[in-house]
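Here is what each chain is made of, one letter per residue.
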Amino acid sequence: MPEQYPNGTVRALLPTDQVTEATRKALTERLEKAPPKPVFFSETEFDLLKAICSRLIPQDDNQPPIDIAGGIDERLAQNKSDGWRYDTMPADGEAYKIGLAGVDETASLLFESPFQSLSEEQQDKVLQQIQQGDAPGETWKKLPANRFFEELLAEATTNYYSHPLAQEAIGYVGMADVPGWQRIGLNQLEDREPRVVKSVE
Amino acid sequence: MPYSTSETVDAVVIGTGAGGAPLLARLAAAGLKVVALEAGKHWNPATDFATDEKAQEKLFWTDERLSAGADPIPFGSNNSGIGVGGSTLHYTAYTPRAQPDDLRIRTDFGVGEDWPIPFDQIEPYYDEVEQFLGVSGPSPYPWGPNRKGRYALGPLPINGAGQLMQRGCEQLGIKTSPAANAALSADYYQQGVGHRKACTNRGFCQAGCSTGAKASMDVTYIPLALHHGAEIRPESFVTQLITDESGKIREVVYMRNGQEERQRCRFVFLCAGTVETARLLLMNNLANSSGQVGRNVMAHTALQIWGEFDEDIRPYKGIPGALISEDTHRPARANFAGGYLLQSIGVMPVTYLSQMARARGLWGQDLKRAALAYNHVAGINILGDCLPDAGNYLELADEKDSRQMPKPRVYFSNGENEKRMTAHADKIMRDIWSAAGAKNVWAFPRNAHIIGTCRMGKNADTAVVNADGQSFDIPNLYISDNSTFPSALSVNPALTIMALALRTADRFLEQRK
């Protein structure tokens, strides 16, 4: 049942009194934030991370694209954790640095070129093998490839879908909750909840 | 009326969550001089809490924990909380009672551990806590022993996920009911707390309630404790418990604003939760003559089954756990000990999509297509018992955190019993979703609520605290949180933690008379 929701819904709700001040502040800051320069990663690592993120979550529909990699860099620069890590993994920052080098290593072993020089199809092949834990490369002997991929994918997904524009695209307006929700049963919608514009197949 | 650190207060309570807050209020009401030390901030939910998952990550305990074993436990959003109110700041407020047979799993099945407390000593505290919090639920309640009274309020309205689970269960002959939730279905007044407004169906319980309708500790037992003269000292991270030559704790050392402070006291109530309570005792090498501190880690079986439906659901609306069934509490012909409950679940978008990416491994256009179905998804969740196992424990790692304290490493692997229970539940939940008309059904394997590490029991050789929560080794140390549970129970732990906290406080006060 893939669907398409109208553009502009969250942006139209944000300035209204249907959104609390704290909510408006958090979402507006995210919406207006300029793409950051890397602090934790080198420029080279950061470009590679961005290239990987754009395969994990393609953004043909967003111009300019929603920043995913910048949020990862910012977290690592601040040495913040999400509260846990797999015991088989090194510390988050180290895991990212090793893993990024591993992506290029696998790309070179499979296609004799660094990741960013590959076609989209080849890039996806590299990422698939890493996800499945059967990618070639010395890197993956010290870093579990599948766990690296899982952590990266989860963080990229979190960053992307925290963005108001990504939330608009999936028809989410839960942030407009000041009036509360009275119509909460099946097929019951409030006026401010967007209807599907068309089905995309 | 803050107490000074140079005076000796009657009690220091470490942690202000479900284990600490009720006890704090009780001790203060009895006229004791009590100070609560809380690692996190004291928020004002109305102005500080955004309806935004990322902004609300501030409610999660994010000091890094190392997750080991075959089924590593995710912490952070899924577990401990920080701030005045502890993890109740982000609990779903699902408050079923344990049933009497939950407390005697060893007697009934020959595995696990019995509780050293009979059900009838916990039951009156369930009554009291439910009335005080304003729990909304069905009366009569369809499972377990007859209740003496009614829930404080009638049940909250059922959202889309709940209606779908109702529909599926009806076809399979599984009985369902609106669940008991510690969120207000109508305005509520309590002496010492004041007025709280009815729930507006924000559906954001797991990222903080901004209206005060959800009974987190910061809007219930904490105001009551303050009303009775307790002091709350936020942003105070406890590092040491100092004992005197008699072996009693005389001083609690903590960091506040980057400075070390000390509070002299007669009694200590450690209520920091399964991981931090055990970590603090292990770091200080205290209360562990049994060798049991850190052992017996348990985590509820908590498999989720998600499906997509033709109906518009908008899963961000309404109390997330609207519906319950306890027909699986002790399933007939089961090949495992204990049982579980079934719960319908709504979900916030970032939580749903990030766990879907993890579990299904979807990315690229597949992920974006699946995300577009968010408004049409609904879930069912189990919450089931977990047996203690020698291989599941907490230890101090060599790796240090930013405070130069050792990080906790937690080993967890599901045993045969948990695997069988999960397989049983997987089938039932898929059947329910199939009967309700779900498509693209997928499973999110997980365990929830870390429990154990400071087991209560009758014997000082095999338990850390007695049935009153008092340390066998250190007579002026009590523990009140989920670390003391001898068995995991087949229900969410918060209500039982609060009930036990009041019982511990009352037993303590009786002994001092």
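Residues numbered from 1 in each chain as written. Chains lettered and ligands numbered in written order. Predicted model: local features only at pLDDT ≥ 70, side-chain atom pairs only at ≥ 80, totals over all residues.

**Topic: the overall build of chain B**
Along its length, chain B carries eleven helices and 20 strands. Against the compact-globule benchmark of 24 Å for 513 residues, chain B has a radius of gyration of 22 Å, which places it among compact chains. Once the C-alpha set of chain B is aligned to its principal axes, its extents read approximately 65 × 50 × 45 Å. The burial tally for chain B puts 62% of its 513 residues in the buried class. Sequence-distant contacts in chain B: of pairs separated by 6 or more residues, those separated by 24 or more amount to 75%. (Helix = DSSP H or I, 4+ residues; strand = E, 2+ residues; numbered from the N terminus. Rg over C-alpha atoms; globule rule 2.2 N^0.38 Å. Buried ≥ 20, exposed ≤ 12 C-beta atoms within 10 Å, placed from the backbone. Contact = placed C-beta atoms within 7 Å.)

**Considering the overall build of chain A**
The helix and strand inventory of chain A stands at nine helices and three strands. For chain A, the spread of C-alpha atoms along the three principal axes comes to 55 × 40 × 30 Å. Taken across its 201 residues, chain A has 43% of its residues classed as buried. In chain A, the share of contacts with a sequence separation of at least 24, taken over all contacts with a separation of at least 6, comes to 66%.

**Points about unusual backbone geometry**
Residues and elements named next belong to chain B. A cis amide bond links Ser-139 to the next residue, Pro-140, at an omega of 0°. With respect to the element layout, Pro-140 can be found in the loop between helix H4 (123-133) and helix H5 (160-172). Its identity is not glycine, yet Asn-285 carries a phi of approximately 50°, on the positive side. Within the secondary structure, Asn-285 is located in the loop between helix H7 (273-284) and strand S11 (298-301). Phi is positive for Asn-440, close to 45°, though the residue is something other than glycine. Asn-440 sits in the partly exposed class, given 15 other C-beta atoms within 10 Å.

**Remarks on the nonpolar core**
Residues and elements named next belong to chain B. Counting residues in each nonpolar core, the largest one holds 226 residues, and the members touching the most others are Leu-24, Val-34 and Val-268. With ten residues, helix H11 (residues 494-512) is the largest single contributor of residues to this core. Discounting chain neighbours no more than four positions away, the residues touching Val-268 are Val-12, Ile-14, Leu-241, Ile-249, Val-252, Asn-476 and Leu-477. (Core = buried A, V, L, I, M, F, W, Y, C linked by C-beta atoms within 7 Å.)

**Details of the interface of chain B and chain A**
Facing 59 residues of chain B, the contacting portion of chain A comprises 44 residues. Secondary-structure elements contributing two or more residues to the side of chain B that touches chain A are helix H2 (45-48), strand S3 (65-68), H5, helix H8 (349-360) and helix H9 (365-372) of chain B. It is H8(B) that provides the largest number of residues to the side of chain B that touches chain A, a total of six residues. Pairing between strand S2 (residues 84-86) of chain A and S3(B): three bridges, direction parallel. When the sheet's bridge partners are listed, Tyr86(A) is paired in S3(B) with Ser67(B). (Pairing = 2+ DSSP bridges.)

**Structural notes on the packing of helix H6 (residues 120-132) of chain A against helix H8 (residues 145-161) of chain A**
Residues and elements named next belong to chain A. Running from N to C, H6 and H8 point in directions that differ by 110°, and their axes come no closer than 6 Å. Classified by the angle between their axes, H6 and H8 sit roughly perpendicular to one another. The residues of H8 that touch H6, namely those facing Ile-130, Gln-131 and Gln-132, are Ala-145, Asn-146, Phe-148 and Phe-149. (Axes fitted to C-alpha atoms, helices over the stretch in contact; angles between N-to-C directions. Parallel < 35°, antiparallel > 145°, perpendicular 65-115°, else oblique.)

**Section: H4(B)**
Residue and element names in this part refer to chain B. Among the residues making up H4, those that are buried are Tyr-125, Tyr-126, Val-129, Glu-130, Phe-132 and Leu-133. The buried residues of H4 occupy an angular sector of 165° when projected down its axis, which confines them to one face. Structurally, H4 contributes buried residues whose contacts are with strand S5 (188-190) and H11. Of the residues trailing H4, Gly-134 is marked for its positive phi of about 80°. (Arc of directions from axis to C-beta.)

**Notes on the packing of H4(B) against H11(B)**
All names here are of chain B. Where H4 contacts H11, the axes come no closer than 9 Å and their chain directions differ by 110°. Taken together, H4 and H11 sit at an angle that is classed as roughly perpendicular. The way H4 lies across H11 gives a crossing that is right-handed. Across from Tyr-125, Tyr-126, Glu-128 and Val-129 in H4, the residues of H11 making contact are Leu-495, Met-498, Ala-499, Leu-502 and Arg-503. Each residue belonging to the contact of H4 with H11 can be placed in one class, and the counts come to seven nonpolar, no polar and two charged. (Left-handed = near helix turned anticlockwise from the far one by under 90°. Nonpolar A, V, L, I, M, F, W, Y, C, P; charged D, E, K, R; others polar.)

**Brief notes about the pairing of strand S12 (residues 304-308) of chain B**
Residue and element names in this part refer to chain B. Most of S12 is tucked away, with five of its five residues classed as buried. Residues of S12 alternate between two faces, with Gln-304, Trp-306 and Glu-308 on one and Ile-305 and Gly-307 on the opposite face, all of them buried. When S12 meets strand S15 (residues 377-384), the two strands line up antiparallel, connected through five bridges. Considered in S15, the bridge of Trp-306 is made with Gly-379. By the bridge criterion, four bridges tie S12 to strand S18 (residues 439-444) in an arrangement that is antiparallel. Across the sheet, Gln-304 pairs through a bridge with Phe-444, a residue of S18.

**Focus: the sheet that holds strand S17 (residues 406-411) of chain B**
The mixed open sheet is built from four strands, whose spatial order is S2(A)-S3(B)-S17(B)-S16(B). Each edge of the open sheet carries a strand with a single partner, namely S2 of chain A together with strand S16 (394-400) of chain B. This sheet shows a mean twist of 35° between the axes of neighbouring strands, independent of strand direction. Here H7(B) sits on the sheet and contacts S3, S16 and S17 of chain B; the angle it forms with S16(B), its principal contact strand, is near 70°.

**Looking at the pairing of strand S9 (residues 249-256) of chain B**
Residues and elements named next belong to chain B. The sheet contact formed by strand S8 (residues 236-243) and S9 spans seven bridges and is antiparallel. Bridging from a neighbouring strand, Thr-243 pairs with Ile-249 of S9. Sheet topology note: the S9/strand S10 (residues 259-270) ladder contains six bridges and is antiparallel. Bridge pairing links Arg-256 to Gln-259 in S10. The loop that links S9 with its antiparallel partner S10 comprises two residues; one of these, Asn-257, has a positive phi angle of about 50°.

**A short note on the confidence of the model for chain B**
For chain B, mean pLDDT is 97; residues scoring 70 or higher make up 100% of the total. With pTM at 0.97, the complex prediction returns an ipTM value of 0.97. (pLDDT = per-residue confidence, 0-100.)

**Things to note about H8(B)**
Between its first and last C-alpha, H8(B) extends 16 Å over twelve residues, near the 16 Å set by a 1.5 Å rise per residue. Remark: Gly361(B) follows H8(B) within two positions and exhibits a positive phi of approximately 65°. (Expected span 1.5 Å × (residues − 1).)

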